[in-house]
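Structural characterization, general
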Amino acid sequence: MVTIKQALDDEIACKEWFLPGNSCCAGCGLEIALRWAMKALGPNTALVTPASCLNVVIGLWPKTAPNFPFTNMAFAAGASAATGISEAYKAKAYRFPGKVWEKMTTLVFAGDGGTTDIGIQALSGAAERNSNIIYTCYDNEAYMNTGIQRSSSTPHGAKTTTTVFGKERFKKNLPAILAAHEIPYVATCSISEPLDIYEKYKKAKDIEGCKYIHILAPCPPGWNYPSEDTVELARLAVKTGVWPLYEIENGILTLHKKSKSLVDPSKRAPLVDYLSRQKRFSNISEQALIKLQERIAHDWDNIKAKLRAQEK
Ligand SMILES: Cc1ncc(C[n+]2csc(CCOP(=O)(O)OP(=O)(O)O)c2C)c(N)n1
Ligand code: SF4
Ligand SMILES: [Mg+2]
């Protein structure tokens, strides 16, 4: 585990790469996610952002938030564009050895709509090819940039402008889908654990091939809560077991210390602690609440079974 002291000893981590004064809303979870990912990756990083909030807040004239190269990309093409960039760096490194091209990291930061819906084909292709990229889904659980429409990643029971009585379907489990592609590294993060984000990106940077990191990034206008509650909500998502923190490295699953004990259901905080702080769940029915609880228990049973199977 990385300590605060170790992060402070890292000169690159002490600098800001995604600059303050950008156009994110107050309390934006996405901003925290990218800020900490970049503290681990540093300036030799090329960022690709498909259509999303980030695509907009990254450079609303006259401001430019990233202190590193970035490309705004069409909604469906985040992973394929990143593959092209990473291959170009490989070719450059071959032609001009010893130069910066060898050190470049290609990073995608895409929303949940851009990942779980429209970008999944390009992402699956990149994963199958094992393209040398780090693909991040920052998950605010809806299409926020265009006015809070539901995505495949919106949780059951949540109100959006297209699920006014609460979403019927469950959230799509993208980390599990990416793990099924047998890529070398899959991880989940929460913006309440910035050192964990830092550590996982440091690790991902040194792994050759396709890396997938899925970060829960609360959104005050989209989830309808006061902006100062962002970190607390992300923390509650972990404590209630809604958002398990783990990594899967070459097929081996490891839980983060904050999620380890939650394999035991009695150690999980009550789900209502998390839901009651967000108005998107204000009309959730008793039935939907039970369904959501059962689903969380089911997901944890799967984690438990995988850990047991690894012990054998
Ligand atoms: C092909 C295409 N369809 C629709 C849009 C409009 N659009 C831009 S951003 C966006 C929502 C993106 O949602 P998500 O990926 O979750 O990112 P967030 O806005 O939540 O950060 C949509 C629908 C587009 N740019 N291109
Ligand atoms: S709408 Fe949500 S995700 Fe988009 S910039 Fe605002 S807080 Fe961030
Ligand atoms: Mg979104």
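Counting of residues starts from 1 at the beginning of each chain's written sequence and follows it residue by residue. Chain letters start at A and ligand numbers start at 1, both assigned in the order the entries are written. Only residues with pLDDT of at least 70 are given local features in this predicted model, and only at 80 or more are side-chain atom pairs given and counted; all residues enter the totals for whole chains, interfaces and linings.

1. Description of the environment of P218
Mapped onto the elements, P218 comes out in the loop between β6 (211-216) and α10 (220-223). Between the C-alpha atom of P218 and that of R169, which follows or precedes it by 49 residues, the distance is 20 Å. What P218 contacts, discounting residues up to four positions off in sequence, is G29, N140, W223, T230, L233 and A234. Here a helix means four or more residues in a row that DSSP labels H or I, a strand means two or more in a row labelled E, and each is numbered from the N terminus. Think of it this way: build a C-beta for each residue from its backbone, and any pair within 7 Å is a contact.

2. Some details on the pairing of strand β8 (residues 252-255)
Remember that side chains alternate between the two faces of the sheet whenever the strand is regular. Criterion used throughout: strands pair if DSSP finds at least two bridges between them. Taken together, the 4 bridges between strand β7 (residues 246-249) and β8 define a ladder with antiparallel strand orientation. By the bridge assignment for β8, E249 is matched with I252. Joining the antiparallel neighbours β7 and β8 is a turn of 2 residues, in which N250 adopts a positive phi near 45°.

3. Quick notes on the site of ligand 2
Only the C-beta atom, placed from the backbone, is used; a residue is near a molecule or strand if that atom lies within 6 Å of it. Every residue near ligand 2 is listed here: C24, C25, C28, L30, C53, V57, N140, M144, C219, P220, P221 and G222. Secondary structure elements with two or more residues in the shell around ligand 2: α4 (53-57) and α10. With 3 residues, α10 is the largest single contributor of residues to the shell around ligand 2. The residue makeup of the shell around ligand 2, split by class, is 10 nonpolar, 2 polar and no charged. As a working rule, the residues Ala, Val, Leu, Ile, Met, Phe, Trp, Tyr, Cys and Pro are called nonpolar, Asp, Glu, Lys and Arg charged, and the rest polar, with Gly in that last group.

4. Digging into the packing of helix α3 (residues 29-41) against helix α9 (residues 194-205)
It is the contact of α3 with α9, at a shortest axis distance of 8 Å, that shows an interaxial angle of 45°. As the angle between them shows, α3 and α9 are arranged oblique. The hand of the α3/α9 crossing is right-handed. Contacts between α3 and α9 pair I32, A33, W36, A37, K39, A40 and L41 from the former with P194, I197, Y198, Y201, K202 and K205 from the latter. Tallied by class, residues from the contact of α3 with α9 come to 10 nonpolar, no polar and 3 charged. Axis definition: a line fitted to C-alpha atoms, over the contacting stretch in the case of helices. Angles run 0 to 180 degrees between N-to-C directions. Roughly parallel covers angles under 35 degrees, roughly antiparallel covers those over 145, roughly perpendicular covers 65 to 115, and oblique covers all other angles. Handedness of a crossing follows from how the near helix is turned relative to the far one, being left-handed for an anticlockwise turn of less than a right angle and right-handed for a clockwise one.

5. Quick notes on the site of ligand 1
In the region of ligand 1, 15 residues are neighbours, and S52, C53, G111, G113 and N145 sit closest. Sorting the residues of the shell around ligand 1 by element identifies α4 and α6 (112-117) as the ones contributing at least two each. When residues of the shell around ligand 1 are assigned to their parent elements, the largest contribution, 3 residues, is made by α6. Taken together, the residues that form the shell around ligand 1 break down as 6 nonpolar, 8 polar and 1 charged.

6. Focus on the pairing of β6
With respect to burial, β6 is a largely interior element, 6 of its 6 residues being buried. Sheet analysis places strand β4 (residues 134-139) next to β6, joined by 6 bridges and oriented parallel. Across the sheet, the residue bridging to I134 is K211, located in β6. Pairing of strand β5 (residues 185-190) with β6, which is carried by 6 bridges, proceeds in the parallel orientation. Paired with A187 across the strands is I213, a residue of β6. The handedness rule is simple: strands pointing away from the viewer, and a clockwise path from the first strand over the helix to the second, make the crossover right-handed. Running through α9, the crossover from β5 to the neighbouring parallel element β6 is right-handed. Every C-beta atom is placed from the backbone, and the number of other C-beta atoms within 10 Å of a residue's own sets its class: buried at 20 or more, exposed at 12 or fewer, partly exposed in between.

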